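Here is how the chains run, residue by residue.
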Amino acid sequence: MSRAVTALNRFGLGARPDERMPADPERWLRRQFEEFDPRPSEFDGVATRTAIAAELADWYAYRRQERQGEGAMAPASGRNERAVAFGESGKRMYREMVGARLESALNDDAPFVERLVHFWANHFAVSGDNSALLRFAGLLEFEAIRPHVLGRFANMLLAVEQHPAMLLYLDQMQSIGPNSMFGARAAGRGRERGLNENLGREILELHSLGVDGGYDQADVTELSRALTGWTVGGLGRGPGQRFVDSESRPGDFVFLPQLHEPGSRRLLGRAYPEAGVGQARSMLADLAAHPSTANHVATKLARHFAGDDPPAALVQRLVRAYRESDGSLPEIYQALIDSRELWVETPLKFKSPWEWSVSAMRALDQTRFRQGIAGFSRQLGQAVWQPRSPAGFPDSDAHWLGSDALMRRVDGAQRLVARAQNPADPRQLAAALFGERMSAQTLQAISRAESPGQGLALLLVSPEFLWR
Amino acid sequence: MIDRRAFLSFAGLGLATLIMPRMALARAATEKRFVLVIQRGAADGLSTVIPSGDPGFASVRGALAEDAEGGTALGEFFTLHPALANTASLYRDRQALFVQAVASGYRERSHFDGQNVLETAGTGPYRLADGWLNRFLGLLPPQDNEAIGLASAVPAVLRGSAAVSSYAPSNLPDANSDLLLRVADMYERDPVLHPLWSDALETSEMAGDFSGNLRNGETLGTLAARLLSGPGAARIAVLETGGWDTHRNQRGGLARNLGRLDATIGALRDGLGTVWRDTLVIVATEFGRTVAPNGTGGTDHGTGSVAMLMGGAVAGGRVVADWPGLRNADLFEGRDLRPTQSIYGVIGGALAAHFGIDQGRVMRTAFPVAERGAAMEGLVRV
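Keep in mind that this is a model prediction, so the values were computed, not measured.

Criteria and cut-off values
Residues numbered from 1 in each chain as written. Chains lettered and ligands numbered in written order. Predicted model: local features only at pLDDT ≥ 70, side-chain atom pairs only at ≥ 80, totals over all residues. Helix = DSSP H or I, 4+ residues; strand = E, 2+ residues; numbered from the N terminus. Contact = placed C-beta atoms within 7 Å. Rg over C-alpha atoms; globule rule 2.2 N^0.38 Å. Buried ≥ 20, exposed ≤ 12 C-beta atoms within 10 Å, placed from the backbone. Nonpolar A, V, L, I, M, F, W, Y, C, P; charged D, E, K, R; others polar. Axes fitted to C-alpha atoms, helices over the stretch in contact; angles between N-to-C directions. Parallel < 35°, antiparallel > 145°, perpendicular 65-115°, else oblique. Arc of directions from axis to C-beta. Pairing = 2+ DSSP bridges. Core = buried A, V, L, I, M, F, W, Y, C linked by C-beta atoms within 7 Å. pLDDT = per-residue confidence, 0-100. Left-handed = near helix turned anticlockwise from the far one by under 90°.

A. Representation of the overall build of chain B. Helix and strand counts for chain B stand at 12 helices and 12 strands. Sequence-distant contacts, at least 24 apart, represent 74% of the contacts inside chain B between residues at least 6 apart.

This is the structure we're talking about:
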């Protein structure tokens, strides 16, 4: 039973009371590679990128018109209504997407893979801090992470960097080759338009090599130059939009040669001849194959599962799996499953608010929280897809383990218990979820509770439940 | 059911042992307060304390040079950004001082590494596990070393062996007091959770039923003032502000953000009342931004920036700078303001004078390994 508890909590997202303890925990984890559904029915209702792009284009057009006809337009109250409706629609889409994410994590049969989806979405973090990203941020996870979570790292990297959410978030849409057709014309008219190195830098620092991965400022600039021309069509905004082919769907990735900095580039000592969109693609492929990337990715994965200071041997094993398989992700996950270090009984990691919320709702046998989970996560200090930093939420105990954070979990536990339908007996639930792992101190606190509800709340904030 | 605030302020039952010792120790010894405001994301010091008198200024800054219009003249050479109205009035009252061209020892351009170095004062990112402010706490007498981070999690600068707490208001319904007490029982023997929980109970009592969004500048200042006033209050607070990473369309975004910071400072001054006299506020960022604008109306990651010192304790009304210049040859790596002053020298010098502790001890303890330069003299009235 003990290994099953580890599999369910450390690798998975916590047990459900009705879930039978897997007899062969390793096999249970491996089988999830076949059972994982990249697009389960929970996602049926969420907005598509075409619909989002159309709504944004509409809104920008309205705002432009409004600016041009200042005063001559509808009365101020009409304008406000439109703005309020636009704001509300964005929040609704966002809540719907967070709800879908949660429900797939609550109800699907592959919680280990769902955990990995959340891990990668945080590795390739975007932050929904404005009206466009609020709508697009979740789609990056659904469209670029989920389809590739069991594929190769190189493919996930490319899908992410070509996703509208990333291109918008790291200002790639604004970046223009100074010597491109568009850049030269703008300069001729005395308007300075040029390079923005935000995406180029974060690809190297955060997405692939890692900050000590052996690149310098010149590499950042060269990658940024190669990336010019990578943009999103159909938003009705952004330089060079008139060049976008009318065939392309709104919200899709497009390459605009008119914005692309011409010439061959040099990245990490290697030459890349001019190849249009292919130039930066080749760079991304080489970055994915770079030993520093293997090291960076392996270290982050090890930290996620084995704690803030993962054993060096574990990291090395993951690096080897990455390099020997050409970055095939299931091979790396298999190396995690095969690592003795991850099967120890002592807890290795303090759960993030998201992990805690999902495991708490699984323990309470809940299947839905579509409207409430976005606000709930925000109150716990981890607003989904809004880390306000391209580095994502820190994956460290020190970040989440604070006195205030603890108070919020106690408040949150009480709220979750209050909305649970048929609350279980907390003593039986504790035994079903953790078996022998429950300490006498926790069991005593639970069994002395004044009500089953209070006992459940205590179970959810017990040390056993807070750590994994 | 009594609510938890009421319950805690009675403090008569089993919980008394948990919260009484600290309250009992609190006495009106020194009234010194220190507030650190971290600008996360690399704030543009050149648009904050603007070197409008530099001969190269207008041409190299392009459209960003317009930030100086309508700003407050800080002597002949510098201009304060117009969004900083409270700050300007503090400057006129000689309670604000700016140090230009400062930086930590970090010379790369990653936010996350840069912030880590700013906060830990290691020789590189992640070389030291504890923050300089936590190490500094060890130099203060026990009744004067209560420190709090206004965030859900403790910021790196405050992490370390000295006990600190963190707080941010929440809109979740409060858990009832009986549950809180039972949680305390359950954690009693847990070496990690027990001290955290004791702090959580104490702080939630101090803050009262405060609710609000800490991204609102004024709210942040008001809450900080509340946690820093009254008996048993914290003496040291760390505030975090974000949104400084202005890669595009910098002018509007930066003005809004500076306005927010200025509102925080104003609310802090008003909320602290007479305690403001004994208060030192330092505003610092991980590094500056490029001198020239980029292709999208913004600036990219740079090096030298500005540090701001405010409060009744500050010997203000001036800008301190060993000005490096803005000509191409003057710039660090041909793109950034060259730093001429260590941020640690500024902080260490100010803290030593403010708390009346030997300068050498402060520098050795808080900044044991960083290339820190000499402690700067005369920043604080003593």
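B. How the structure looks around the overall build of chain A. Counting secondary structure elements, chain A contains 23 helices and 4 strands. Its C-alpha radius of gyration of 24 Å places chain A within 12% of the 23 Å reference for a compact globule of 468 residues. Viewed in the frame of its principal axes, chain A has a C-alpha envelope of about 80 × 60 × 40 Å. Across the 468 residues of chain A, 52% fall into the buried class.

C. Layout of the interface of chain B and chain A. Counting from both sides, the interface comprises 40 residues of chain B and, opposite them, 45 residues of chain A. Those elements that place two or more of their residues in the side of chain B that touches chain A are α5 (111-120), β7 (165-166), α7 (177-187) and α8 (193-207) of chain B. Its residues placed into classes, the side of chain B that touches chain A shows 16 nonpolar, 13 polar and 11 charged.

D. Helix α22 (residues 452-460) of chain A, seen in detail. Taking burial as the measure, the 9 residues of α22 of chain A include 7 buried ones, the bulk of the element. Along α22 of chain A, the residues classified as buried are Gln454, Gly455, Leu456, Ala457, Leu458, Leu459 and Leu460 of chain A. Check the buried side of α22 of chain A and you find it contacts α16 (353-363), α19 (403-419), α20 (426-434), α21 (440-447) and α23 (463-466) of chain A together with α7 of chain B.

E. Examining the packing of α20 of chain A against α21 of chain A more closely. Residue and element names in this part refer to chain A. The contact between α20 and α21 brings their axes to 9 Å, and the two run at 150°. Classified by the angle their axes make, α20 and α21 are roughly antiparallel. Contacts from Pro426, Arg427 and Ala430 of α20 reach α21 at Leu443, Ile446 and Ser447. In terms of residue class, the contact of α20 with α21 is built from 4 nonpolar, 1 polar and 1 charged.

F. A look at helix α15 (residues 329-337) of chain A. Residues and elements named next belong to chain A. Among all positions of α15, only Leu329, Ile332, Tyr333, Ala335 and Leu336 are buried. One face of α15 carries all of its buried residues, which in axial projection span an arc of 155°. Along its buried surface, α15 packs onto α5 (111-123), α7 (153-161), α13 (291-306) and α14 (312-324).

G. Expanded view of the sheet that holds strand β3 (residues 72-74) of chain B. All names here are of chain B. Taken together, the 3 strands give an open sheet; going across it, the order is β2-β4-β3, and neighbouring strands pair in antiparallel fashion. Each edge of the sheet is formed by a strand with only one pairing partner; in this case those strands are β2 (49-50) and β3. Bridge count between β2 and strand β4 (residues 78-80): 2 bridges; the pairing is antiparallel. Within β4, the residue paired with Ile50 across the bridge is Thr79.

H. Structural view of the environment of Phe112 of chain A. Turning to its location among the elements, Phe112 of chain A is positioned in helix α5. When the C-alpha positions of Phe112 of chain A and Ala83 of chain A are compared, they lie 41 Å apart, and in sequence the two are 29 residues distant.

I. Seen up close, the nonpolar core. The biggest cluster of nonpolar side chains holds 252 residues, and the ones touching the most others in it are Leu140 of chain A together with Leu150, Ala224, Ala237, Ala307 and Leu309 of chain B. The element best represented in this core is helix α6 (residues 131-145) of chain A, accounting for 10 residues. Discounting chain neighbours no more than four positions away, the residues touching Leu140 of chain A are Phe124, Val126, Ile145, Val160, His163, Ala165 and Met166 of chain A.

J. Summary view of the confidence of the model for chain B. Residues and elements named next belong to chain B. Chain-level pLDDT for chain B is 86 on average; 87% of the residues reach the 70-or-more range. Here residues 1-28 is modelled with pLDDT under 50, and outside its nearest four sequence neighbours on either side it reaches 38 contacts, counting other chains as well. Here the complex is predicted with pTM 0.73, and the ipTM for its interfaces comes to 0.88.

K. Representation of unusual backbone geometry within the structure. All names here are of chain B. The backbone phi angle of Ala121 is positive, close to 60°, even though this residue is not glycine. With respect to the helices and strands, the residue Ala121 is situated in the loop between α5 and α6 (132-137). Among the residues examined, Ala121 registers 29 C-beta atoms within 10 Å and is labelled buried. One non-glycine residue, Tyr126, lies in the positive phi region at around 60°. Positionally, Tyr126 belongs in the loop between α5 and α6. Overall, Tyr126 belongs to the partly exposed group, with 14 C-beta atoms counted inside 10 Å.

L. A look at the packing of helix α9 (residues 217-228) of chain B against helix α10 (residues 250-272) of chain B. All names here are of chain B. Between α9 and α10, whose axes approach to 7 Å, the crossing angle comes to 30°. One way to sum up the angle between α9 and α10 is to call them roughly parallel. In terms of crossing hand, the pair formed by α9 and α10 is right-handed. In this structure, α9 uses Gly217, Glu218, Leu220, Gly221, Thr222, Ala224, Ala225, Arg226 and Leu228 to contact α10, whose residues at the interface are Arg260, Leu261, Ala263, Thr264, Ile265, Gly266, Ala267, Leu268, Gly271 and Leu272. Looking at the contact of α9 with α10 residue by residue, the class counts come to 10 nonpolar, 6 polar and 3 charged.

M. Structural view of the pairing of strand β1 (residues 33-39) of chain B. Residues and elements named next belong to chain B. Within β1, 7 of the 7 residues are buried, which leaves it mostly tucked inside the rest of the structure. Burial along β1 is two-sided: Arg33, Val35, Val37 and Gln39 facing one way and Phe34, Leu36 and Ile38 facing the other are all buried. Summarising the sheet, β1 and strand β9 (residues 279-285) pair through 7 bridges and their orientation is parallel. Within the sheet, the bridge partner assigned to Arg33 lies in β9 and is Thr279. Note that β1 and strand β8 (residues 236-241) share 6 bridges and pair parallel. Counted as the bridge partner of Phe34 is Ile236 from β8.

N. Up close: the environment of Ser166 of chain B. Note that Ser166 of chain B resides in strand β7. With 133 residues separating them in the primary sequence, Ser166 of chain B and Thr299 of chain B have C-alpha atoms 33 Å apart.

O. Structural view of the pairing of strand β5 (residues 96-103) of chain B. All names here are of chain B. In terms of burial, β5 is largely enclosed, as 8 of its 8 residues are buried. Pairing analysis gives 5 bridges linking β5 to strand β10 (residues 305-310), with the strands arranged antiparallel. Each residue of the ladder has a partner; that of Phe98, found in β10, is Met308. Two strands pair when backbone bridges link them, and β5 and strand β11 (residues 318-320) are joined in this way by 3 bridges, in the parallel orientation. Bridge pairing in β11 places Leu97 opposite Arg318. When β5 meets strand β12 (residues 341-342), the two strands line up parallel, connected through 2 bridges. Looking at the pairing, Ala103 lines up with Ser342 of β12.

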